[in-house]
Amino acid sequence: MSLFRKKSIEQINALAQHEASQGHGLNKVLGVRDLTFLGIAAVVGAGIFSTIGTAASNGGPGISLLFVITAITCGFSALCYAEFAGRVPASGSAYTYAYVSFGELIAWIIGWALILEYAIGNIVVAISWSSYFNNLLQGLGINLPFWLTTNSSAALATFTKASDALAAGGLSPSLAVAAQEIVAGFNAAPLIGGTKLFLNIPAFVIVCLITALVYVGIQESRKSANFMVIFKLVVIVLVIVLGFFYVDASNWRPFLPNGFAGVLQGVSAVFYAYIGFDAISTTAEECKNPQRDLPRGMMYSLLICTVLYILIALVLTGMVHYSQLNVDDPLAYVFDRLGLKWIGYVISISAVVATTSVLLVFQLGQPRIWMSMSRDGLLPGAFSRIHPKFRTPSFSTLVSGALVAIPALVLPSSLMTDLTSIGTLFAFVIVCFGVLVLPKLSVANANRFRIPYINGQFLVPALLALFLFFSRHRLLSAVQNVADEGYQELLLLVYVLLAVGVAVLCFLRKYSTIPVLGALSCMYLLIEIPAISWLWFLVWMGLGLAIYFLYGQKNSKLATANKFS
């Protein structure tokens, strides 16, 4: 069927070689260290400086277990990405991998979902960066106008909170002054057509600067990312080493104050911190040796980030009681309480650097998705245009920058984290299942990275049986209340049916355990995402499918004889 026509690995590799021979290729400058640093740059960001506090306040010291669980879940997917990266050294990430495994329509859906992941994800990161940057400026005594540092939704919420606090009274002098400044800043915002104007200028500016850096070359982006990663790693190691001298072991008891359910409350925030590792695979055509280095870069970065997150979680929950960590800047907060304000200031600088590095990697990845889809004819040719001097996808880079910078000016970050997670999890599921249908490697290619084969014939059904046993009360409640509670319970039941189907296939076909567990883990996380995020995701998918059927399907290069086949 034309909707599911596939590209062979040979076609993809031949096309990449043809583009390079015609002067349309990308600069091959990345080694395994650069790829590892890009992975760390994408993963160690806002999660370690802010959301880890909220997660720790719910799960207590046991939040360290959640990082292990999430790392294992992402590790399954990372191994599947690595398998593909070792075979398909071309840009496009999960989009390209889906084209090989499941065909054009699924590839388009995944590519469109990845565009959502990178664009929405970077809007969230840009807004977070703006908050860190403003806090840093205020520490230096520099105060930007309130209406130039936020969006209208956040401004109204902050104004209402400050007004209510002033009306209630009882504030300390410093808090009263801060609340009065917020109220005065809100009232000073200019009016346009009777509506107050609020613009997040720092978020807009940083995206424009990062886009310019990505535009001028991978070499410059690589050097910048490496510098930022080294800086924030030094700061994080300093925090861990210094923090352990102030750890009170009694704060680790009880280890699971709210049970395992409390730990799992932080799964969205923790998972969001990990999703960046897949951006490494978009740089395949800029790697010196992608078959060898991409798999190593992915696994090294995931391992390093997991160790750092676990150690930071243990230090934070050891320095203060977990109930005190529900703050926006937990790392700076715990050191301020100990009177070490200079450490808090260094952490604030590192938070700005860390979120900048995340912006850089995501802005690096998104244009290469556009470029790959354009090369296949699914998008206009301008998106695959390579700058003759900088050797970057120039038009795609500018479009990607605009898609992030303009919304970051005016939109709030609420709901965007879940939208990003949906796009990422969809990609993970397809990549994991895709590994199962790849052809076996020939003897000549036997040295390329392969996922260790673990027969899932009995193991996967056994693990599913354990899951069903421990979830029996929730499943019974879902069956009894599906008519009343609707969406979430229905999704759980659909997941169970799909999981049972996958387990049956594993028993019959002896599928490899690792990719199956990766797919099932990510599918489970998908059903936990709120309904409103799913609604917006479906709207985005509807727009994407309209573009595909109106333009992509008839312009696909696979629709005609492909001279590279």
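The structure we're discussing is the one just above.
Definitions and limits used
- Residues numbered from 1 in each chain as written.
- Predicted model: local features only at pLDDT ≥ 70, side-chain atom pairs only at ≥ 80, totals over all residues.
- Heavy atoms only, no water.
- Phe/Tyr/Trp six-rings, centres within 6.5 Å; stacked < 30°, edge-to-face > 60°.
- Helix = DSSP H or I, 4+ residues; strand = E, 2+ residues; numbered from the N terminus.
- Buried < 20%, exposed > 50% of the residue type's maximum accessible area, 1.4 Å probe, protein only.
- Axes fitted to C-alpha atoms, helices over the stretch in contact; angles between N-to-C directions.
- Left-handed = near helix turned anticlockwise from the far one by under 90°.
- Contact = heavy atoms within 4.5 Å.
- Nonpolar A, V, L, I, M, F, W, Y, C, P; charged D, E, K, R; others polar.
- Core = buried A, V, L, I, M, F, W, Y, C linked by side-chain atoms within 4.5 Å.
- Expected span 1.5 Å × (residues − 1).

Turning our attention to the packing of aromatic side chains. Inspection of the entire model under this criterion finds 25 aromatic pairs. Consider the rings of Trp108 and Trp112, whose centres lie 5.5 Å apart with planes at 15°: the pair is stacked. Placement of both Trp108 and Trp112 in helix H6 (residues 104-139) is noted, with a separation of 4 residues, approximately one turn of the helix. Here Trp108 falls in the buried class, since its relative accessible area comes to 1%. Aromatic pair Phe467 and Tyr524: ring centres 5.7 Å apart, planes at 80°, arrangement edge-to-face. Residue Phe467 is located in helix H18 (residues 459-470), and its partner Tyr524 is located in helix H21 (residues 513-527); the two are separated by 57 residues in the primary sequence.

For the pair helix H10 (residues 218-244) and helix H15 (residues 341-375), interaxial distance at closest approach is 9 Å and the crossing angle is 145°. Helix-helix and strand crossings are classified by hand; for H10 and H15 the assignment is left-handed. Contacts from Ile218, Ser221, Ser224, Ala225, Met228, Phe231, Lys232, Val235, Leu238, Val239 and Leu242 of H10 reach H15 at Trp342, Ile343, Val346, Ile347, Ile349, Ser350, Val353, Ala354, Thr356, Ser357, Leu360 and Leu364. Within the contact of H10 with H15, the residues separate by chemical class into 17 nonpolar, 5 polar and 1 charged.

Time to look at the nonpolar core. Formed by 156 residues in total, the largest nonpolar core has its most connected members in Tyr81 and Ile312. Per-element tally for this core: the top contributor is H6, with 19 residues. With near-sequence residues (within four places) excluded, Ile312 lies in contact with Ile48, Ile52, Ile236, Val239, Ile240 and Leu331. Listed in part, the 9 residues of the second largest apolar core include Ala155, Ala162, Ala179 and Phe198.

Given a rise of 1.5 Å per residue, 15 residues ought to cover 21 Å, and the 21 Å separating the end C-alpha atoms of helix H8 (residues 173-187) matches this to within 8%. Every buried residue of H8 is listed here: Ala176, Ala179, Val183, Gly185 and Phe186.

Moving on: unusual backbone geometry. Across the junction of Arg253 and Pro254, the peptide omega takes the value 0°, indicating a cis bond. Position of Pro254 relative to the elements: it lies in the loop between H10 and helix H11 (259-264). Positive phi, close to 60°, is recorded for Arg391, a residue that is not glycine. The residue Arg391 is located in the loop between H15 and helix H16 (394-410) in this model. Despite not being glycine, Lys510 shows a phi value in the positive range, around 55°. You can see Lys510 is positioned in the loop between helix H20 (487-509) and H21. Judged by relative accessible area, Lys510 falls into the partly exposed class, the value being 42%.

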